[in-house]
Amino acid sequence: MKSFVASLAIAASVVTVPVTAMAEGHESLSYVLVSHAPDSDTWWNTIKNGIALAGEQVGVEVEYRNPPTGDIADMARIIEQAAASQPDGIITTLADYDVLKGPIMNAVDQGIDVIIMNTGTPDQAREVGALMYVGQPEYDAGFAAGLRAKSEGVSKFLCVNHAIQQPTVGERCRGYADGLGIELGDAMMDSGTDPSEIKNKVMAYLSANEDVDGILTLGPVSADPTIAALNEMGIAGDIHFGTFDLGEEIVNAIKDGTINWGIDQQPFLQAYLPVVVLANWDRYGVLPGNNINSGPGFVTADGLTKVEAFAGEYR
């Protein structure tokens, strides 16, 4: 499998795609994608590849910006800076509605087209004046995961949340609980992002709650240490384990039976489609009539062929 770090040699927090020959006959267009991801989160390499390919294919300039540590207040300032540079459009995540709505609405008021991607909701995208939302409705995805876990025998669970500061991510845990028909209560753990700390917290929780028969993690940051925790406890494969998103360790764990399934929100499409939509809107005035759901899709051991072939690049 290809490394998730070496995606397309795109590692910097600012990525610019030059205008290509496909832009001939059109005015120059430039877009900025702003994410909430810290530099350390390699899952976002696929996002960078998505805007790179879209920029090349439709002949526009696309720049990626993010807060190096994942600080949402820093992200708000980046959106303000992006708007001040007067791009033709901004593509942004909406990781914290209360913090980010102001800068986004100010950009819209300046006449800059905005598309919300990845985090946030279609309703929130409409409220801030964005053209549309492209992503995975988090609560709905969690609910679908809960329904599936219930059908597979889960009755008590732990949801390992490594992004407690991002309210929309927690919707995955809430949806999962509702799908199971169980109160969320204290089943959602604020795990932090340190791998050793996550592993230790998961081991402590499972040791204190031996009747837990299901685990949900919210991405590679929490999934990888949880895999290590289950291996160290000697219960890998004996407890139901579902996760959001894909990564090298997650794919390996699906193959060996440690993880039952991963939920793929298709980050490549979350980045690629907004660039194409904005270019066609600016050039021809055409716009999809609705928001675009990029997920959820369940990936099991039977469906890993293309995931492995394009891991870290487009999947």
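Before any of the text, the structure's been laid out above.
Every value quoted in this text rests on a predicted model; they were computed, and no experiment measured them.

Trainee: Please clarify how the pattern of salt bridges should be interpreted in this entry.
Mentor: Opposite charge on two side chains lets them pair, provided their charged atoms get close. On inspection of all chains with the given rule, the structure shows 12 salt bridges. Among the ionic pairs, Arg77 bridges to Asp74, the shortest N-O distance being 3.9 Å. Remark: Asp74 and Arg77 occur in helix 2 (residues 72-84); sequence separation between them is three residues, near one turn of the helix. Residue classification places Arg77 among the partly exposed positions, given a relative accessible area of 44%. Where Arg174 meets Glu171, a salt bridge forms, and the shortest distance between an N and an O atom there is 2.7 Å. Highlighted residues: Arg174 and Glu171, both in helix 6 (residues 167-180), separated by three residues, approximately one helical turn. Using a relative accessible area of 31% as the deciding quantity, one classes Arg174 as partly exposed. One continuous salt-bridge network, built from bridges that share partners, spans Glu138, Arg172 and Asp245.

Trainee: For this particular structure, what's the right way to read the sheet that holds strand 7 (residues 157-161)?
Mentor: Strands belonging to one sheet form pairs held by backbone hydrogen bonds; the direction of such a pair is parallel or antiparallel. Spatially, 8-7-9-10-11-13 is the arrangement adopted by the six strands of the open sheet, whose pairing is mixed. A single partner strand is all that each edge strand has here, and the edge strands are strand 8 (188-190) and strand 13 (297-299). On average, adjacent strands in this sheet sit at an angle of 25° to one another, irrespective of strand direction. As defined by bridge partners, strand 7 adjoins strand 9 (residues 214-217) across four bridges and the pair is classed as parallel. Counterpart to Leu158 in the pairing with strand 9 is Ile215.

Conventions used here
- Residues numbered from 1 in each chain as written.
- Predicted model: local features only at pLDDT ≥ 70, side-chain atom pairs only at ≥ 80, totals over all residues.
- Heavy atoms only, no water.
- Salt bridge = Lys/Arg side-chain N within 4 Å of Asp/Glu carboxyl O.
- Helix = DSSP H or I, 4+ residues; strand = E, 2+ residues; numbered from the N terminus.
- Buried < 20%, exposed > 50% of the residue type's maximum accessible area, 1.4 Å probe, protein only.
- Pairing = 2+ DSSP bridges.
- Axes fitted to C-alpha atoms, helices over the stretch in contact; angles between N-to-C directions.

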